[in-house]
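# Structural characterization, general
Each chain is listed here by its residues.
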Amino acid sequence: MMSDEPPLLRLLEAILFASPHPLDRRAIAARMPGGADVAGLLEQLRRHYASRGVILVNHGGLWAFRTAPDLAGLLKIETSVERKLSRAAVETLAIIAYHQPLTRAEIEEIRGVALSKGTLDILFEAGWIRPKGRRRTPGRPMTWGTSEAFLDHFTLASLDDLPGIEDLKAAGLLDARPALASYGTGTPDADEDAEDGQE
Amino acid sequence: MMSDEPPLLRLLEAILFASPHPLDRRAIAARMPGGADVAGLLEQLRRHYASRGVILVNHGGLWAFRTAPDLAGLLKIETSVERKLSRAAVETLAIIAYHQPLTRAEIEEIRGVALSKGTLDILFEAGWIRPKGRRRTPGRPMTWGTSEAFLDHFTLASLDDLPGIEDLKAAGLLDARPALASYGTGTPDADEDAEDGQE
Amino acid sequence: MTEGAATDDAFEDAAPPPDRLTALVLDIDGFEGPIDVLLALARDQKVDLIHVSILQLADQFLAFIAVARRNQLELAADYLVMAAWLAYLKSRLLLPEPRNDQEPSGAEMAAALQFQLRRLEAMQEAGRQLMARPRLGRDVFGRGAPEGVDVVTHGVFDVTLYDLLKAYGEHRRRISVTTLEIVPTELYSMDDAIRRLTEMLGHVPEWTILSRFLPTGLRGRLLRRSALAATFLASLELARQGRLEVRQEGGPYSPIYLRSSAQ
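Residues numbered from 1 in each chain as written. Chains lettered and ligands numbered in written order. Predicted model: local features only at pLDDT ≥ 70, side-chain atom pairs only at ≥ 80, totals over all residues. Heavy atoms only, no water.

Right, let's get into the overall build of chain A. Counting its secondary structure elements, chain A contains 8 helices and 5 strands. Reading chain A from its N terminus to its C terminus gives the helix and strand order α-α-α-β-β-α-β-α-α-β-β-α-α. When burial is assessed residue by residue, chain A has 54% of its 199 residues classed as buried. Here the analysis covers contacts within chain A between residues at least 6 apart in sequence; of these, 50% occur between residues at least 24 apart. For chain A, the accessible surface area stands at approximately 8,500 Å², while carbon and sulfur atoms represent 52% of it. (Helix = DSSP H or I, 4+ residues; strand = E, 2+ residues; numbered from the N terminus. Buried < 20%, exposed > 50% of the residue type's maximum accessible area, 1.4 Å probe, protein only. Contact = heavy atoms within 4.5 Å. Areas by Shrake-Rupley, 256 points an atom, 1.4 Å probe, with all protein chains shown as cover.)

Secondary structure assignment for chain C yields 9 helices and 3 strands. Ordering the α and β elements of chain C from the N terminus gives α-α-α-α-α-α-α-α-β-α-β-β. Across the 263 residues that make up chain C, the buried fraction comes to 41%. Long-range pairs, those at least 24 residues apart, make up 58% of the contacts in chain C with a sequence separation of at least 6. Accessible surface computed for chain C: about 14,300 Å², of which carbon and sulfur atoms make up 55%.

Residue and element names in this part refer to chain B. Spatial ordering of the open sheet is given by β3-β5-β4, a layout of 3 strands whose pairing is antiparallel. In this open sheet, the two strands that pair with only one neighbour each are β3 (102-103) and β4 (129-134). Pairing analysis gives 2 bridges linking β3 to strand β5 (residues 142-146), with the strands arranged antiparallel. What sits directly across from L102, in β5, is W144. Helix α7 (residues 118-125) contacts β4 and β5 of the sheet and is inclined by roughly 110° relative to β4. (Pairing = 2+ DSSP bridges. Axes fitted to C-alpha atoms, helices over the stretch in contact; angles between N-to-C directions.)

Residues and elements named next belong to chain B. Within β5, 4 of the 5 residues are buried, which leaves the element mostly enclosed by the surrounding structure. Here β4 runs beside β5; their pairing, made up of 4 bridges, is antiparallel. Each residue of the ladder has a partner; that of I129, found in β5, is T146.

One pass over the full model with this rule turns up 15 aromatic pairs over all chains. Consider the rings of F61 of chain C and F64 of chain C, whose centres lie 5.7 Å apart with planes at 40°: the pair is tilted. Of this pair, F61 of chain C and F64 of chain C both sit in helix α4 (residues 54-70), 3 residues apart, which is roughly one turn of the helix. Ring pairs connect the aromatic residues F17, Y49 and F65 of chain A together with F17, Y49 and F65 of chain B, which therefore count as one cluster. The ring of W207 of chain C carries R247 of chain C above its face, with NZ or CZ at 4.9 Å from the centroid. Positioned above the aromatic ring of Y257 of chain C, the side-chain terminus of R247 of chain C is 5.4 Å from the ring centre. (Phe/Tyr/Trp six-rings, centres within 6.5 Å; stacked < 30°, edge-to-face > 60°. Lys NZ or Arg CZ within 6 Å of the ring centre and 35° of its normal.)

At the junction of the two partners, chain C supplies 52 residues and chain A supplies 62 residues. Of all residues in chain C, M123, F141 and Y162 of chain C bury the most surface against chain A, accounting for 14% of the area lost on that side. Viewed at the interface, chain A and chain C are joined by 2 salt bridges. Here E32 of chain C and R111 of chain A are joined by a salt bridge, their closest N and O atoms 2.5 Å apart. The tally of links between chain C and chain A comes to 14 residue pairs in polar contact (both at pLDDT 80 or more). When contributions to the side of chain C that touches chain A are tallied by element, the ones reaching two or more residues are α3 (34-44), α5 (77-94), α6 (106-132) and α7 (161-185) of chain C. Among the elements that take part in the side of chain C that touches chain A, α6 of chain C stands out by supplying 19 residues, more than any other. Of the residues contributing to the side of chain C that touches chain A, the split by class is 27 nonpolar, 11 polar and 14 charged. (Buried area = accessible area lost by both parts, 1.4 Å probe. Salt bridge = Lys/Arg side-chain N within 4 Å of Asp/Glu carboxyl O. Polar contact = N/O pair within 3.5 Å; in protein donor to acceptor, adjacent residues only side chain to side chain. Nonpolar A, V, L, I, M, F, W, Y, C, P; charged D, E, K, R; others polar.)

What follows is about a nonpolar patch on the surface. A cluster of nonpolar residues, M190, F232, L233, L236 and V246 of chain C, forms a patch on the protein surface that exposes about 370 Å² of accessible area. With 3 residues, helix α9 (residues 221-240) of chain C is the single largest residue contributor to the nonpolar patch. (Patch = residues over 30% accessible without salt bridge, like charges linked within 9 Å, V, L, I, M, F, W, Y side chains within 5 Å.)

Now for the pattern of salt bridges. A complete count under the given rule lists 28 salt bridges over all chains for this structure. In this structure, D152 of chain A engages R66 of chain A in a salt bridge whose closest nitrogen and oxygen atoms are separated by 2.7 Å. Of the two residues, D152 of chain A sits in helix α7 (residues 148-153) while R66 of chain A sits in strand β2 (residues 62-67), which places them 86 residues apart along the sequence. Counted as one network, the salt bridges with shared partners bring together R87, E91 and R111 of chain A together with E32 and D36 of chain C.

So, on to the environment of K90 of chain C. Residue and element names in this part refer to chain C. Note on placement: K90 falls in helix α5. In this structure K90 comes out as partly exposed when scored by relative accessible area, which is 23%. Between the C-alpha atoms of K90 and G106, which are 16 residues apart in sequence, the distance is 7.8 Å. K90 has contacts with L55, A58, D59 and L62, leaving out every residue within four places of it along the chain.

This part covers the side chain of Q45 of chain C. Residues and elements named next belong to chain C. Relative to the assigned elements, Q45 resides in the loop between α3 and α4. Of the residues examined, Q45 reaches a relative accessible area of 9% and is grouped as buried. When neighbours within four sequence positions are excluded, Q45 is seen to be in contact with V52, S53, Q56, L57 and Q60.

A separate point is the sheet that holds strand β5 (residues 142-146) of chain A. Residues and elements named next belong to chain A. Ordered by their spatial adjacency, 3 strands build an open sheet running β3-β5-β4, and the pairing between neighbours is antiparallel. With one partner strand each, in any of the chains shown, β3 (102-103) and β4 (129-134) form the two edges of the open sheet. Lying over the sheet, helix α6 (residues 118-125) contacts β4 and β5, oriented at roughly 110° with respect to β4.

Residues and elements named next belong to chain B. Note on placement: S147 falls in the loop between β5 and α8 (148-153). Overall, S147 belongs to the buried group, its relative accessible area being 8%. A polar contact of 2.5 Å, which involves the side chain of S147, links it to the backbone oxygen of G127. Sequence-distant contacts of S147, defined by excluding residues within four places in its chain, comprise G127, W128, I129 and R130.

Note that the residue after Q100 of chain A, namely P101 of chain A, is joined by a cis bond; omega there is -10°. Non-glycine residue R140 of chain B carries a positive phi angle of around 40°. Looking at the element boundaries, R140 of chain B is found in the loop between β4 and β5. Accessibility expressed as a relative area gives 49% for R140 of chain B, which makes it partly exposed. Even without glycine at this site, K46 of chain C takes up a positive phi of about 55°. Within the secondary structure, K46 of chain C sits in the loop between α3 and α4.

A contiguous patch of negative charge, built from D160, D161, E166 and D167 of chain A, is present on the exposed surface. Within the secondary structure, D167 of chain A sits in helix α8 (residues 165-170). (Lys, Arg positive; Asp, Glu negative; His and termini not counted. Charge placed at Lys NZ, Arg CZ, Asp CG, Glu CD.)

Structure representation (structure tokens):
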């Protein structure tokens, strides 16, 4: 009854099962004999698991086994109590996800209110957002974007998978467009970072 | 292509996969709908995985998925992969990143405490710091800076992408209790007052 | 392009009932600023935001502010800024547009407000949908007991960028606190001066110049000057208690002499 499976597929399966975190193709290839068709094997493995209770997912180029989402209600796994995110944090996360990369001042402009100090910190600590380089504008403000862990956590294959993103794009709601601030309501009193007063 | 697998088998598979420790039959039954033939399902699942890279093992009545023993050599499984870096080392790395190039003595001056012997060695072995030439001062001390691998690990495009002090402040990382502050309970002023008052 | 007096007639009867405004005012802490309140008011119009009446919205917001005032509720400044802006927008929408005006037209301002509201509504909805997705650690799970494989590209240490920046932040905070603590100890305190003077008092029956009472071996100009000031103040305090006498002849800046009280 042994091993009708090709050896490389078994090895790939074992590597992904054993890894404590998702792996990209390069990390997988480094564990496999040279010349292995990693992409092909991954696809083969993904298909094998597609209908099972554990599935192989690809989130932003990182591969990992996960329990099937449709079992969510049935699985009673003892989890650490999850801290509920504040409304401000949820909104801020959505804004960063859909508009990235963007600066703190731009987040505040979209929300029409100053960000309280801990909001970005909570999202950063959760590992969902990260700095994405500086804007080439005066003051060179820092921009923020989402991380790979964000895709993994919210079970998104890529940013294109964000709920409703196509519709939002088509409706022009993701356009960088000066909103109220440029018509004289003034920016929210963003305390210290007056640096990006680019209006 | 979905679910030719019986639902209970899928659930069992997910339970065993997600469990942080091996489970006995009673613990499994407690997580399944009443009346499920746990013994039969376990045997069915064991057979399915028998020839794969991951197998279902039963050790003393406790069930768990394990990578197939014949692959162990190829996997080079290590007992503890993710070591925690000491606080002193993380801080030292941060100081090198922000102030480079700088000498060991300068690191100690900035931190206000002597560096313990291994700290720089650990960072060097991790590949995150590297010598950056000698200072043209008496004794010609060696200076340190961060490496390409450092940028890689922290997925920074360049050193310029490290947030500035203002960014850290804005993100709440310079606050005593950033998480609390965001809920409006933090009163950072109070601490400072207390310190001034003691003379 | 968005607004005209004609379209507003349709909403004439749709003014929000006063208790709705009162409810909003009482719930003010549940809102994330004036735009959020505007969004709630706009939803009350029960039309797609594209068709919302900006003019009516402005009226509703101004009515909301009035209710807040009547309830003696202190509103943050940005609510008042928004109210002023909406009042201005209203006048721009109602009055004929002046020719060759550099200012944005009322219609442009209304369009900007409408865009802002639609974008915020879209983001709030996106946030809800995001949170409703199957989530790792809640709905889907990774391997509970990974055996661990040496992962080549990820290094050995489990340190995130957050950890790194947090460490630096804590370091900065600590050194800023240290600076605060060092400065005061550089000064010679009045308590020290009183203690020192009291100890010396019994031994100075004759007039002795103040500088002789200063502690020796003080380093730094600031410290010496603070010692002089503290000792002088201490001498006044002890003179008030009747324990020593102070004498200065020749007006300001001339030498000051001390001696023990004759008792």
